[in-house]
Amino acid sequence: MGATYSFDSASGRSPSSAAVMTSSLLKEDSFPVPLEILEEIFLNLPAHQVVHLCRLVCRQWKEVADSQSLWRDRCRREGYRLSDASRTPEDWKLFYFLCKKRRNLLKNPSGEDKMRDWRILENSGDKWKVEEVMVPHPNEAVQKNFVTSYGMCRKSQLIDLQMEGYNSSFMDNFQPDIKITDWYAPRWDCGCEYELQVVLLNQRKKPIRTFSPEKVYFEQWSDPKWNQMTHVFQNYGPGVRYIHFIHGGKDTQFWAGWYGIRLTESSVEICPAAIDT
């Protein structure tokens, strides 16, 4: 016996493997499948099909699709390791999908959309500007950077974690690592300074934890290569609802134009799984 597969000529797409399997099984009067076999089948299907198709078939399938063991095994197989073994997720399915959606929460991190999404805190001298990178960035996709002037230039973004999909229960009970990354570079012909501050805020936007390293100074004739600033917030306690990212700088020789620090590829990531070093 063989399976018959249809093709939707209007959409130009063939049905998914999960849809075909679900359709064929529904044609039977009953389909008792051992739970361990059903779980193994689900582990080999795309996660979104398990959630949006398989769990709708019947009560048994829904129970397996929602089971903690299924999503715990899926995390293990895909390499999502706990950063703290003593702090296990209450919801392994949520943990899995938050690992899958790990991304940079800062918008327009490299100036591709000029100053869009950034709040300008200080804009002195000849103000902020976006330019092509002077020196190639380690990430070849990065082709632009923000550049400061002879007066202090500072800009910020406020990240609302609830709006980004990280609910208060997950943040309070699991407290995932929060990884901060910022890239900065001087010009070779002019001295400059760089500063960064990242603050974890509660619901009232009061500080819970702050990362504020000492200012970095570059002398004239410094190597114009890109430098990376990184920090990981851990065990910061309950209550974090916002992340405030602030950075900037200026040149130290008061030259008209844009000879100050260059900034690009800034990043804030929520990391439910252990961070590879």
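You'll find the structure just up there.
So, here is what we can say about the structure in this document. (Residues numbered from 1 in each chain as written. Predicted model: local features only at pLDDT ≥ 70, side-chain atom pairs only at ≥ 80, totals over all residues. Heavy atoms only, no water.)

**Section: the overall build of the chain**
What the chain contains, in helices and strands, is seven helices and eleven strands. Put simply, the chain has 277 residues, and 44% of those count as buried. Taking all contacts inside the chain whose residues are at least 6 apart in sequence as the whole, residues at least 24 apart take part in 76%. Just so you have it, the chain exposes about 14,900 Å², and 49% of that area is on carbon and sulfur atoms. (Helix = DSSP H or I, 4+ residues; strand = E, 2+ residues; numbered from the N terminus. Buried < 20%, exposed > 50% of the residue type's maximum accessible area, 1.4 Å probe, protein only. Contact = heavy atoms within 4.5 Å. Areas by Shrake-Rupley, 256 points an atom, 1.4 Å probe, with all protein chains shown as cover.)

**Topic: the sheet that holds strand E5 (residues 177-185)**
One open sheet holds the five strands; their spatial order is E2-E3-E11-E5-E9, and the pairing between them is antiparallel. Since the sheet does not close on itself, it has two edges, and those belong to strand E2 (129-132) and strand E9 (227-233), each with one partner. Between one strand and the next, the sheet's axes are offset by a mean angle of 35°, whatever the strand orientation. Relative to strand E11 (residues 262-271), E5 runs antiparallel, the two sharing eight bridges. Each bridged residue has a counterpart across the sheet, and for Ile178 the counterpart in E11 is Ile270. (Pairing = 2+ DSSP bridges. Axes fitted to C-alpha atoms, helices over the stretch in contact; angles between N-to-C directions.)

**Let's talk about the packing of aromatic side chains**
This model, assessed by the stated rule, comprises 15 aromatic pairs. With a centroid separation of 5.4 Å and 45° between ring planes, the pair formed by Trp71 and Tyr96 is classed as tilted. One end of the pair, Trp71, is in helix H5 (residues 68-77); the other, Tyr96, is in helix H6 (residues 92-100), and 25 residues separate them in sequence. Between the aromatic rings of Tyr96 and Phe97, the centroid separation amounts to 5.2 Å while the plane-to-plane angle is 85°, which identifies the pairing as edge-to-face. For Lys155, the ring lying beneath its charged end belongs to Trp128, and the centroid distance is 5.3 Å. The side chain of Lys205 reaches across the aromatic face of Tyr242, ending 5.0 Å from its centre. (Phe/Tyr/Trp six-rings, centres within 6.5 Å; stacked < 30°, edge-to-face > 60°. Lys NZ or Arg CZ within 6 Å of the ring centre and 35° of its normal.)

**What to know about the nonpolar core**
By size, the foremost hydrophobic cluster in this structure holds 54 residues, and its most contacted members are Phe42, Leu161, Ile178 and Ile243. Those residues in contact with Ile178 that lie beyond four places of it in its chain are Met171, Leu200, His231, Val232, Phe233, Tyr236, Ile243, Val268, Glu269 and Ile270. (Core = buried A, V, L, I, M, F, W, Y, C linked by side-chain atoms within 4.5 Å.)

**Considerations on the pattern of salt bridges**
What the rule picks out here adds up to 19 salt bridges. The partner of Glu78 in a salt bridge is Arg74, with the nearest N and O atoms 3.3 Å apart. Residue Glu78 is classed as partly exposed on the basis of its relative accessible area, which comes to 34%. One salt-bridge network, in which partners are shared between bridges, spans Glu122, Arg154, Glu193, Glu195, Lys215 and Lys250. (Salt bridge = Lys/Arg side-chain N within 4 Å of Asp/Glu carboxyl O.)

**Considering the pairing of strand E7 (residues 207-211)**
Working note: regular strand, side chains alternate between the two faces of the sheet. Two elements, strand E6 (residues 192-201) and E7, share four bridges in a ladder whose sense is antiparallel. Within E7, the residue paired with Val199 across the bridge is Thr210.

**Things to note about the side chain of Asp182**
With respect to the secondary-structure elements, Asp182 resides in strand E5. In this structure the side chain of Asp182 is engaged in a polar contact, spanning 2.9 Å, whose partner is the side chain of His247. Here Ser266 takes part through its side chain, which lies 2.5 Å from a polar atom of the side chain of Asp182. Discounting chain neighbours no more than four positions away, the residues touching Asp182 are Tyr194, Leu196, Asn227, Gln228, Met229, Phe245, His247, Leu263, Thr264 and Ser266. (Polar contact = N/O pair within 3.5 Å; in protein donor to acceptor, adjacent residues only side chain to side chain.)

**As for the environment of Ser212**
Within the secondary structure, Ser212 sits in the loop between E7 and strand E8 (216-218). With a relative accessible area of 46%, Ser212 lands in the partly exposed category. Sequence separation between Ser212 and Val198 is 14 residues; the distance between their C-alpha atoms is 6.6 Å. Every residue in contact with Ser212, bar those within four places of it in the chain, is listed here: Leu196 and Gln197.

**Let's talk about H6**
Among the residues of H6, Trp92, Phe95, Tyr96, Leu98 and Cys99 are the ones counted as buried. Turning to H6, the residues buried within the fold contact helix H3 (47-52), H5 and helix H7 (168-173). The N-cap residue of H6 is Asp91: its side-chain oxygen and the backbone nitrogen of Lys93 are 3.0 Å apart.

**Thoughts on H5**
Those residues of H5 lying buried are Leu70, Trp71, Asp73, Arg74 and Cys75. At the exit of H5 stands Gly79, carrying a positive phi of roughly 85°.

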